[in-house]
Amino acid sequence: MSKLFSILFAVVFCVSPAIAGIAVWYCPGYGLYPYGAANVTSTVPGTGLLANNGSGRTLIQLIYAGFDHVVGDGSDNRVNPANAANGYVTGDDWVMASTVLSRGMQGVDEWGFSSTLRPPHVDLDWNLTGFAYVRVFHDDTPQDGEAYYDTPLVSLDLGFFDPTSFAFAQWIFIDPAPVSGVALNRYIGSGPAPTPQIPSILYLPGDQRLSLGVPGGYRLNRVLGATGLLGNGGWDWQPLAEGADYENQSGTVSIFTAGAGAAPQRVIRIGVLPDP
Amino acid sequence: MKRVWLWLGFVVLYAGVVHAQYPSITRPVGAGEVDLMSVPYLVDGGNTISNVFQSAAPNTTIYVWDTSIQVWQGCTKTSKGWTAGADKELLRGEGFFVQSWTDQQFFLSGGIPGSPAAIPVDSESMVLAYPFPVDVLWTNTELSKLLPACSTVSFWSRAEGSWARNYLKAPAAKGGGWGEEAAAYRIPAGDGFVVRQPPGSPAFLWIQTNIAWPN
């Protein structure tokens, strides 16, 4: 019996290195576009995600879909903004690797594309079969109400146990390259989000305020203002302070345009979330 | 007498030019190192592994990429000769790994193959090499131009023991180039590299005329 076990151990020992190990490249092969972009093949400057997110940076993650083989916990709430320590994932997913794409760094353009590839993610000890996906955030500081994108699930290839094989690493292109890119299409905290109707904006000369109603079915998330353009072409978005720069009363947002609390910003962005 | 010296001087100078244009290639491989090489010569006695590496130290292993099944196939020189597979001919434009467990140098030389070279490029991953014994800029090769968008090329670093340079070809809508870093990369004579095309890409023939560095 002991000899049988010895043989079994020997077989397991010989086999396990051959089936272990992953090497994965994950990056855009065409480009990333901001939420709602209708044209995901545009090469017109100013259309890329990194030209529209205010920071010129975005976080992308390679995520294992866990033992349940579904993204997150299976619900639309795939991202937990309070779970920064674990990469914002939900359910039994975990982040295998992450990268911040910075516009202008290592050849990264405003669409997140670069011809100079970073090394693939390599884990020689990985021996779990299953699925992975790549998540692209709006920027590198994910927050509730911001947009993101998840690729479809991809079956992980095992068997990368030697550095000489890493040039043959598994590819996970974020987009359907080389045909087109992708636009962010989900919202943190609410899953897929329909585009809300843009309400009419009223100027109230008596109060010197801009007033608009939050669209039905939505609640105010935050109000941002920008005074001008950054060097990378994006707007210099800054959060405005409720009470000092604007008021939110019963679903009506009033932005001060004069007086001590007047916001100096010239461009205003209002974020809303679907009602729970 | 003066004329004889003049002729001798001319002959020596002429021979020197030919030698400088196509020098032999020296590849030092340290103990425990792996080098990605190619043989851009017609070696006396043939281009089989056992002939090209007949002076290799024992325990030297040559790994050739089998494109049809996408795996490395190795053969090792032992104290009793080469293991099976050493009769494999190292093809023109083919890269392969050399693994050494002792410090040794490989001297590659031979006749210069005719130009142009015609190298089949499969739709799968391939280990290729520039088919002439000269340095060349990656983006000056015809291969870099023939590969479709979203192809990749990977260059091995013997010193680092890793694929130190990996480049992705941009989609046509974005210019279809390889980027500034790849455009400046000079492939040393005798180096191999890995090329991958997107799934579904057609096979093609890489026709390459000889380009002498720094053209």
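Residues numbered from 1 in each chain as written. Chains lettered and ligands numbered in written order. Predicted model: local features only at pLDDT ≥ 70, side-chain atom pairs only at ≥ 80, totals over all residues.

1. Quick word on the domain arrangement of chain A
We apply this condition: What marks off one domain from the next here is an automatic or database domain assignment.
By domain assignment, chain A separates into domain 1 (21–187) and domain 2 (202–274). With centres defined by C-alpha atoms, the gap from domain 1 of chain A to domain 2 of chain A works out at 32 Å.

2. Concerning the domain arrangement of chain B
All names here are of chain B. Convention followed: Any residue pair is listed as a contact if its two C-beta atoms, each placed from the backbone, are within 7 Å. Put simply, DSSP marks the helices as runs of H or I at least four residues long and the strands as runs of E at least two long, and each gets a number from the N terminus on. Amino acids outside the nonpolar list (Ala, Val, Leu, Ile, Met, Phe, Trp, Tyr, Cys, Pro) and the charged list (Asp, Glu, Lys, Arg) are all regarded as polar, and Gly is one of them.
Partitioning chain B into structural domains gives domain 1 (26–108) and domain 2 (117–208). Each of domain 1 and domain 2 was reduced to a C-alpha centroid, and the two centroids are 22 Å apart. Taken together, the contacts link 19 residues of domain 1 with 21 residues of domain 2. Elements with a contribution of two residues or more to the side of domain 1 that touches domain 2: strand 1 (25–29), strand 2 (34–38) and strand 6 (95–99). Considering only residue class, the side of domain 1 that touches domain 2 consists of nine nonpolar, five polar and five charged.

3. Considering the sheet that holds strand 16 (residues 246–249) of chain A
Residue and element names in this part refer to chain A. Here is the rule: The rule for pairing is simple: two strands pair if DSSP sees at least two bridges between them. Only the contacting stretch of a helix is used when fitting its axis, a line to C-alpha atoms as for every element, and angles between N-to-C directions run 0 to 180 degrees.
One open sheet holds the four strands; their spatial order is 12-13-17-16, and the pairing between them is antiparallel. Two strands close off the open sheet at either side, each with one partner strand: strand 12 (202–204) and strand 16. Taking each pair of neighbouring strands and ignoring which way they run, the sheet shows an average axis angle of 25 degrees. Taken together, the five bridges between strand 13 (residues 209–213) and strand 17 (residues 252–256) define a ladder with antiparallel strand orientation. Within the sheet, the bridge partner assigned to Ser 211 lies in strand 17 and is Ser 254.

4. Observations concerning the environment of Ala 183 of chain B
Residue and element names in this part refer to chain B. Note the following rule: Our exposure labels follow a C-beta count within 10 Å of each residue's own C-beta, placed from the backbone: buried means 20 or more other C-beta atoms, exposed means 12 or fewer, and partly exposed covers the counts in between.
Its location among the elements puts Ala 183 in helix 4 (residues 179–183). Under the C-beta neighbour-count criterion, Ala 183 is labelled partly exposed, with 15 such atoms within 10 Å. Remark: the alpha-carbon pair of Ala 183 and Asp 103, spanning 80 residues in sequence, is separated by 33 Å. Excluding anything up to four places from it in sequence, Ala 183 contacts Thr 139 and Trp 178.

5. Focus: the interface of chain A and chain B
The interface of chain A with chain B comprises 17 residues on the first partner and 27 residues on the second. A per-class count over the side of chain A that touches chain B returns nine nonpolar, eight polar and no charged.

6. With respect to the environment of Leu 143 of chain B
Residues and elements named next belong to chain B. With respect to the secondary-structure elements, Leu 143 resides in helix 3 (residues 142–146). Distance in space between the C-alpha atoms of Leu 143 and Ser 201 is 14 Å, their sequence separation being 58 residues. Filtering out sequence-adjacent residues up to four positions away, Leu 143 remains in contact with Leu 128, Trp 206 and Gln 208.

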